[in-house]
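A closer look at the structure
So the chains spell out like this:
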Amino acid sequence: MMTLKIQIIIGIILVSGLCYVVNLIRKNKVELKYALPWLGAGVAVLAIDCFPVLMNELADLVGIGSPVNMIFFVGFLFVLVIVFAMTVALSIASSSVKRLTQKIALIEKRVRDLEEVIAKNNEKNGYK
Amino acid sequence: MVCVIMKKLAIIPAYNEAESIIYTVKDIQKNAPDFDYIIINDRSKDNTYNLCIEAGLNILNLPLNLGIGGAVQTGYWYALENGYDIAVQFDGDGQHDAKYLGIMADTLIQKKANMVIGSRFIEKEGYQSSGIRRIGIRFFTVLIYLLTGEKITDPTSGFRMCDRKIIEMFADGYPKDYPEPETTTKALRNKFKVDEIPVKMRAREGGKSSISLKKSIYYMIKVPLAIIIERMR
């Protein structure tokens, strides 16, 4: 069984973590879209922490003796999913950055070429 | 034979190639005058960019370092936007010899190939790379043969000429690092005809090989996986 002590320790860590995340969203430093899985994970684990009975049956079912281990297991699974989702998001972002970088280079060349043409035309027409 | 004037482009990726870039462009202008060229400066740390601008060379300037794959792909995109029929990758470090460009283009047109690779290992002349690398290259030859049934003697060669269809394919998708064996597989998988001609390569004029000893382990893990996954697409 979980002792009250570990329940309180886990609870404090989770609540302060959740507050931190919410604060960052409030200050527009983190996008809600990407913070949502973290909030979900935090709330879910907090629920198990407050009401370990919720997990008793499930822990029994998968053969985990103690609900506190179930908390770690569920939390770990959440983290794995979130980290992998980040890897996917990073891959998408990195290929977008690549495309933008390439497009900037192509456009910059066109600007340079156009400037040259304009300069030549101006010279021809006697502008300065 | 109907003579259609084809627009041909040499794509020159350059990362810290200040010592050799002017020479490379002169080589193309002298030995392959029917080829236009475009330098892609992959955010060099030396003065490659200023040097090229001062000399009035055609240059695309990437504001971020994208690595060889991203740089070359920019060249293919440029070729696509500007209506080139043929594009060839040509290293900025003086390894490749512009006198082969004509032969490559003839091979591409006459043999109706979609891609022509300049191979060091058909006549085994010129710079042959170190022993351990040759073993690696041979490994890729065997792997690609097993997966596609085609024999490519130099799948790591960066000296490759492509027709319009491959230009379109590469502009759309190209690996970021160590792209050659993977993209060769991609071309074969899409039933494009890939041919090879014998070339002599020189040892590098300046700059450093993009594959240091430290990175070879990553290379030997990533590239075979990439080839296998490419085959699964």
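Just so we're clear, the structure is a prediction, and the values are computed from it rather than from any experiment.

**What about the sheet that holds strand β1 (residues 8-14) of chain B?**
Backbone-to-backbone hydrogen bonds pair the strands of a sheet. The strands run either parallel or antiparallel. Residue and element names in this part refer to chain B. The mixed open sheet is built from seven strands, whose spatial order is β3-β2-β1-β4-β6-β5-β7. Here the strands that pair on one side only, and so sit at the sheet edges, are β3 (59-61) and β7 (194-198). Direction aside, the axes of adjacent strands within the sheet are offset by 20° on average. Inspection of the sheet shows β1 paired to strand β4 (residues 86-89) by four bridges, in the parallel sense. Across the sheet, residue I11 finds its bridge partner in β4, namely Q89. Strands β1, β2 (35-41), β3, β4 and β6 (160-163) of the sheet are contacted by helix α3 (residues 67-81), whose axis makes an angle of about 155° with β1.

**Let's talk about the pairing of β4 of chain B**
Residue and element names in this part refer to chain B. Side chains I86 and V88 of β4 all project onto a buried face; the interleaved residues A87 and Q89 project onto the opposite face, where all are buried too. Pairing of β4 with β6, which is carried by three bridges, proceeds in the antiparallel orientation. In the sheet register, A87 faces β6, and the bridge partner there is C162.

**Examining helix α8 (residues 213-232) of chain B**
Residues and elements named next belong to chain B. Between its terminal C-alpha atoms α8 stretches 29 Å, which fits the 28 Å expected from 20 residues at 1.5 Å a residue. Taken as a whole, α8 carries its principal kink of about 30° at Y219. Among the residues of α8, those classed as buried are Y219, V223, P224, A226, I227 and E230.

Rules and cut-offs
- Within each chain, residue numbers correspond to sequence positions counted from 1 in written order.
- To label them, take the chains in the order written and letter them from A, then take the ligands in the order written and number them from 1.
- Note on the predicted model: pLDDT of at least 70 is required for a residue's local features to be given, and 80 or more for side-chain atom pairs to be given and counted; whole-chain, interface and lining totals, by contrast, use all residues.
- Hydrogens and water are ignored here; the side-chain numbers use all heavy atoms of the structure.
- We call two strands paired when DSSP finds no fewer than two bridges between them.
- Secondary structure elements follow DSSP: runs of H or I of four or more residues count as helices, runs of E of two or more count as strands, with numbering from the N terminus.
- Where helices are involved, their axes are fitted lines through C-alpha atoms of the stretch in contact, as for all axes, and angles between N-to-C directions lie from 0 to 180°.
- The contact criterion used throughout is that any non-hydrogen atoms of two residues lie within 4.5 Å.
- Think of it in three bands: with a 1.4 Å probe and only protein chains considered, a residue is buried below 20% of the maximum accessible area for its type, exposed above 50%, and partly exposed in between.
- Here the expected length of a helix is defined as 1.5 Å per residue gap, with one fewer gap than residues.
- Bend angle per residue: angle between axes fitted to the 7 residues ending at that residue and the 7 residues starting there.

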